[in-house]
Structures are given as structure tokens and as C-alpha cells.
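Analysis of the macromolecular model
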Amino acid sequence: MSIPTIAKKQFLSILSLSYIVSDEFLDFLEANEGAQQFLNSWYKLFEAQRDLVFAGYPKCEVYQEPYLEDLCISFLEKFSVRLEKVPHTRPVIFLSHDLDYLWPTVQLRAKSFVRSKSYRDLFYSSKSFLKSVEAFLSFDKLGGEESNSTVFVANPYPQSGIARIKQWVLDPSYNSEHPLFIELKELLRAYKPSIGIHGGYYSLSESTLVNEINGLEKSLGETIKLSRQHWLNLSEKQGHESLFNAGIRVDSSWGFNNHLAFRGGVGRAFPLYVNEEESLIEIPMLIMDGTLFYEMKLTEDEAYRKCCRVLDKVFERKGQVAINWHGRGADPHWSWISLYKKVVEYCQGKGFDFRKMPEASEVMNAHV
Ligand SMILES: [Zn+2]
């Protein structure tokens, strides 16, 4: 039996976040058929996490623990392999915000109404959500000079045909030419969070991500290497390779819209191979506001307890994950920022570090 190159590289890259992979170990892998079978089975589970997630909704197993990381350890035990452990990494939280809306659009109000059946959602009005965005950026300073967070900004590229109609419903309604975008740019300049692209729903299937990135780079005057796909709409190897080819080097789309779980079975930033040679860094997105309130229908207290429990699992393993609160979440209509502040304060008390996503590579390789 042989092991496909990409499977071997993916397995070894995750194993090597915790253990030093020696030449003897590689020789052992080449020679042992049972070990090869184990590794191939592991990669099938990993592939399912990559490929079988549709618009953030899993068609694969959902892991409540970093299960595929644990399987690497089981592998070593099963085959009585002794590898030297690498020193621990720092437990890190990457604070992040997707900016889906800059004002309450018809689409947002209709979607909220469908979920809540509350006319309060349907007739809600407000000039803009920029005050809400600012409330997050201000809190994210965490006592420092700049916002210690990453903001994913949308710039959807107009699709054609039927996709244009679906896009009107699904995608953010603003782009880099909208008047509110000028005010948004001022906020970003003042608070200095890191900025990534919030790729449109069809940006990968219709190959328009590059146009979205180019437009955003031109508008902001900086290079964009970070991404999170809108609706977490990222699946299949091809989609990941398209991200890489568009210049993305750190992605944080690996999460679920309806589960508080470890997509990828990994609780730390890891190299994600997009083909046999190239990889980007994936930062699993573990906790998101809408998941807790809309999908899981939790009260703030219930959500807080669940967040603490899952963050404890990350901390015990000295892992690194992203949490995501949408830009409108500090608007009084939602008031989701209250839970956000409590969760961040819990992480501070626990001893997590807070880093911006461009530091992912450094974080992954810094041992204490
Ligand atoms: Zn979004």
C-alpha cells in the first residue's frame, strides 16, 4: 500500500505541531503497511472535514474534541512509536469580525424575520452599523494602542444570470464603492485591526475572488492575504486551492454555522495542504455569535457556559482558535457584544494570548 503524498504531508504537518518527526519515523512509515493503512484512514476523515461541508453546514462527522489531533497520538501508541514532544505553544485567541452589513438592508431584515418571526426584526431601522463596528474595535484594544483583532471586509463582485439574484439575497449588500465604505475605511485606519477579505458566496464557484481582492486592495492600499468566506462557504480541495492561487495565505473559514465544534478535528492553527506542494495556514473558527443565538437558540447565560467549556478544551491543549462576532453585533437591536465581552474576559482570566491573524505562522512555531 502506498500513501498519497498530500495525505502524508497533511498528517505529518499536524503531527509535527506536537512531536518532532524523525528520519527513523519516516523510514518506519515507508516500511509498515499497518501504519500506512492507519494514515490513509486518518486522511479520509480529514478530507471529509474539508470537502463535505456545504455553506458552513456539515455533511460529515462533527467533532466536539480535537479528535484528529488525538488520533495522531493514538497512532504513536498503537505502533509503539516514541517521538520527542515539541515544547508547548502558547494558547492563543484570534479575535475576528465579519462585516456582512453596514446598515440594516431589506435582505437582513427579511432573513432575521424568517428566523425570529418577530416584526421588530422586519421593521427595524438604523442609519448604519459603523458605531457597532467601532464598539468592537475599541474593546479589542484590550488596553493597547491598536485593535487586537482581524476584520473581514466584503467586496462582492457582481455575478451574472441566476447567480446575480441569489447573490442579492445571500451576499453582503455593500462594496468598496459604497458611501459608508469611506467611513469604514476611516475607522479601520484609526483602530488598525488586520484586514482580510470576506469572500462572496459565489466567489470561488464563479472564480471572482481575485476581482474582489483586487478591488479591496486598491481601495485600502494594502495587500490582502487573509480570508474568511461569507457563510463559511468553503469546501473541497479545489476551493482551497483557489484561495491559495488568489494570494491568500491565512484562512479562517473552518467552522460550522450550526455547531460549536472543531471543524477539521484540530484545535490549533495548522498548515492546510491545498495540493501536494503548497499549503496555507488555517485558523479554526470555533465560536460565532449567530451560531449560538440563531442556530442553537441559546440564552446569553447558556451560551457563555458552553463557550467557556469549549475554550477550556483549547486552553488545556495550548491550542489556537478564532472567535467571530459580526460587525453589527454591538447594535442595541442585537446586543451580542455583551456575551463577546464576557467571553473575551474569560479568555483573559484563563491566560490566553490575543493575536492578529498575520501572526499565525509565528504563533504556530513559537514554543514556550
Ligand atoms: Zn458573512
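Residues numbered from 1 in each chain as written. Predicted model: local features only at pLDDT ≥ 70, side-chain atom pairs only at ≥ 80, totals over all residues.

The helix and strand inventory of the protein chain stands at 15 helices and 12 strands. For 368 residues, the compact-globule estimate of 2.2 N^0.38 gives 21 Å, and the C-alpha radius of gyration of the protein chain, at 21 Å, lies within 12% of that figure. Judged by the C-alpha coordinates and their principal axes, the protein chain covers about 65 × 50 × 40 Å. Out of the 368 residues belonging to the protein chain, those deemed buried represent 42%. (Helix = DSSP H or I, 4+ residues; strand = E, 2+ residues; numbered from the N terminus. Rg over C-alpha atoms; globule rule 2.2 N^0.38 Å. Buried ≥ 20, exposed ≤ 12 C-beta atoms within 10 Å, placed from the backbone.)

Taking 1.5 Å per residue, 14 residues should reach 20 Å; helix H14 (residues 337-350) reaches 20 Å between its end C-alpha atoms and fits that length. Listing the buried residues of H14 in full gives Leu-339, Tyr-340, Val-343, Val-344 and Cys-347. The arc that holds every buried residue of H14, seen down its axis, measures 130°, which confines them to one face. Across from the buried face of H14, at angles greater than 90 degrees, the exposed residues are Glu-345 and Gly-349. Taken from the residues just after H14, Gly-351 is the one with a positive phi, measuring 110°. (Expected span 1.5 Å × (residues − 1). Arc of directions from axis to C-beta.)

Right, let's get into helix H3 (residues 33-51). The end-to-end C-alpha distance of H3 is 26 Å, a good match for the 27 Å that 19 residues give at a rise of 1.5 Å each. All of the buried residues in H3 are Leu-39, Trp-42, Phe-46, Gln-49 and Arg-50. Projected onto a plane normal to the axis of H3, the buried residues spread over an arc of 95° and lie on a single side. Facing away from the buried side of H3 by over 90 degrees, the exposed positions are Glu-33, Gly-34, Gln-37, Ser-41 and Lys-44. Next to the buried residues of H3 lie helix H1 (5-15), helix H4 (67-78) and helix H11 (236-245). (Contact = placed C-beta atoms within 7 Å.)

Moving on, we come to the pairing of strand S9 (residues 279-282). Across two bridges, strand S7 (residues 250-251) lies against S9 in parallel orientation. Its bridge partner lying in S9, Val-250 is registered against Ile-281. Here strand S8 (residues 270-273) runs beside S9; their pairing, made up of four bridges, is antiparallel. Within S9, the position partnered with Phe-270 by the bridge is Glu-282. Following S8, the chain reverses through five residues before pairing antiparallel with S9. (Pairing = 2+ DSSP bridges.)

Before going further, it helps to examine the pairing of strand S4 (residues 149-153). Of all five residues making up S4, five are buried, and the element is well covered by its neighbours. Residue alternation in S4 divides its side chains into two sets, Ser-149, Val-151 and Val-153 and Thr-150 and Phe-152, and both sets are buried. Note that strand S3 (residues 92-99) and S4 share five bridges and pair parallel. Pairing of Leu-95 across the sheet is with Ser-149, part of S4. When S4 meets strand S5 (residues 194-197), the two strands line up parallel, connected through four bridges. Each residue of the ladder has a partner; that of Phe-152, found in S5, is Gly-196.

Turning next to the nonpolar core. Among the nonpolar cores identified, the biggest contains 83 residues, and Ile-93, Val-153, Ile-283 and Ile-323 are the most heavily contacted of them. Per-domain counts for this core show at least three residues from each of domain 1 (5-78) and domain 2 (92-365). Leave out the neighbours within four places in its chain, and Ile-93 touches Val-321, Ile-323, Cys-347, Phe-352 and Phe-354. (Core = buried A, V, L, I, M, F, W, Y, C linked by C-beta atoms within 7 Å. Domains from an automatic or database assignment.)

Here we take up the domain arrangement of the protein chain. Taken domain by domain, the protein chain comprises domain 1 (5-78) and domain 2 (92-365). One C-alpha centre belongs to domain 1, the other to domain 2, and the line joining them spans 27 Å. Contact with domain 1, which involves 26 residues of that partner, is made by 28 residues of domain 2. Looking at the side of domain 1 that touches domain 2, the elements that each hand over two or more residues are H1, H3, strand S1 (53-54), strand S2 (57-58) and H4. Residue contributions to the side of domain 1 that touches domain 2 peak at six residues, all from H1. Split by residue class, the side of domain 1 that touches domain 2 holds 15 nonpolar, six polar and five charged. (Nonpolar A, V, L, I, M, F, W, Y, C, P; charged D, E, K, R; others polar.)

Further remarks concern the packing of H3 against H4. At their nearest, the axes of H3 and H4 sit 11 Å apart, and the two run at 175° to each other. When the axes of H3 and H4 are compared, the pair comes out roughly antiparallel. Side by side, H3 and H4 meet where Phe-38, Trp-42, Leu-45 and Phe-46 of the first sit next to Leu-68, Leu-71, Phe-75 and Lys-78 of the second. Residue classes in the contact of H3 with H4 are distributed as seven nonpolar, no polar and one charged. (Axes fitted to C-alpha atoms, helices over the stretch in contact; angles between N-to-C directions. Parallel < 35°, antiparallel > 145°, perpendicular 65-115°, else oblique.)

Turning next to the packing of H1 against H3. Interaxial distance between H1 and H3 falls to 10 Å at its minimum, and their mutual angle equals 85°. Looking at the two axes, H1 sits roughly perpendicular to H3. Seen from H1, the contacting residues are Ala-7, Lys-8, Gln-10 and Phe-11; seen from H3, they are Leu-39, Asn-40, Trp-42, Tyr-43 and Phe-46. In terms of residue class, the contact of H1 with H3 is made up of six nonpolar, two polar and one charged.

The subject of this paragraph is the environment of Gly-255. Mapped onto the secondary structure, Gly-255 falls in the loop between S7 and S8. Note on Gly-255: 27 C-beta atoms within 10 Å, which makes it buried. Along the backbone, Gly-255 and Leu-17 are 238 residues apart, and their C-alpha atoms lie at a distance of 20 Å. In contact with Gly-255, other than residues within four places in its own chain, are Leu-232, Arg-263, Pro-284, Met-285, Leu-286 and Met-288.

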